[in-house]
Amino acid sequence: MKYAIIKVVNGNYFVDSEGYTDLKSAKAKFHGLCQTLWNADDVITAEAMIVDENLDCVEGYKEFISKPVIEEE
């Protein structure tokens, strides 16, 4: 089985990475991506997910990120 990591950042869809045959490697990349998205100042909302060849979520690896928008005066 092959795996990919997809993401939606501020409403824009991307295939972040693909072609993993080792789920352990995909999980490590997924966690790194989530950390990057949480720390990025330009990300307001995001979602990341590990999917298989059928675009099904793998083992519940799906993260939703939502940050409060702070308006400057």
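Below is a short write-up of the structure.

1. Examining the overall build of the protein chain
Item 1. Within the protein chain, the secondary structure is distributed over one helix and four strands.
Item 2. For the protein chain, the C-alpha atoms occupy an extent of roughly 50 × 20 × 20 Å along the three principal directions.
Item 3. Per-residue burial over the protein chain gives 32% buried out of 73 residues.
Item 4. Across the protein chain, contacts joining residues at least 24 apart in sequence account for 49% of those joining residues at least 6 apart.
Item 5. Roughly 5200 Å² of accessible area belongs to the protein chain as shown, and the carbon and sulfur atoms make up 49% of that amount.

2. A word on the nonpolar core
Item 1. Within the largest apolar cluster, 16 residues are counted, with the highest numbers of intra-cluster contacts made by Tyr-3, Leu-37 and Ile-50.
Item 2. Contributing elements (two or more residues each) for this core: strand S1 (3–9), helix H1 (23–39), strand S3 (45–51) and strand S4 (57–66).
Item 3. Looking at this core, the element that brings in the most residues is H1, giving six residues.
Item 4. Excluding residues within four positions of it along the chain, Ile-50 makes contact with Tyr-3, Ala-4, Ile-5, Leu-23, Ala-26, Lys-27, Phe-30, Asp-56, Cys-57, Val-58 and Tyr-61.

3. So, the sheet that holds strand S2 (residues 12–20)
Item 1. The sheet built from four strands is open, its strands ordered S2-S1-S3-S4 with antiparallel pairing. Every other strand in the sheet has two partners, leaving S2 and S4 as the edge strands with one partner each. When strand polarity is set aside, the average angle formed by the axes of neighbouring strands in this sheet is 10°.
Item 2. Inspection of the sheet shows S1 paired to S2 by seven bridges, in the antiparallel sense. Paired with Tyr-3 across the strands is Tyr-20, a residue of S2.
Item 3. The strands that H1 touches are S1, S2, S3 and S4; relative to S4, the one it contacts most, it runs at about 5°.

Conventions adopted
- Residue numbers restart at each chain and count upward from 1, following the sequence in its written direction.
- Under the rules for a predicted model, residues below a pLDDT of 70 receive no local features and side-chain atom pairs below 80 are neither given nor counted, while totals for whole chains, interfaces and linings still include all residues.
- Neither water nor hydrogens contribute to the side-chain values; these are computed over all heavy atoms in the structure.
- Here a helix means four or more residues in a row that DSSP labels H or I, a strand means two or more in a row labelled E, and each is numbered from the N terminus.
- Using a 1.4 Å probe on the protein chains alone, a residue whose accessible area is under 20% of its type maximum counts as buried, one over 50% counts as exposed, and one in between counts as partly exposed.
- By definition in these notes, contact holds between two residues if any of their heavy atoms fall within 4.5 Å.
- Surface exposure here means Shrake-Rupley accessible area, sampled with a 1.4 Å probe, where a residue is shielded only by the protein chains that are shown.
- Nonpolar cores are built from buried Ala, Val, Leu, Ile, Met, Phe, Trp, Tyr and Cys residues. Side-chain atoms within 4.5 Å join them into one set.
- Think of it this way: DSSP has to see at least two bridges between two strands before they count as a pair.
- For helices, the axis comes from a line fit to the C-alpha atoms of the stretch in contact; other axes are also lines fit to C-alpha atoms, and the angle between any two N-to-C directions lies between 0 and 180 degrees.

Structural measurements only, silent on function.
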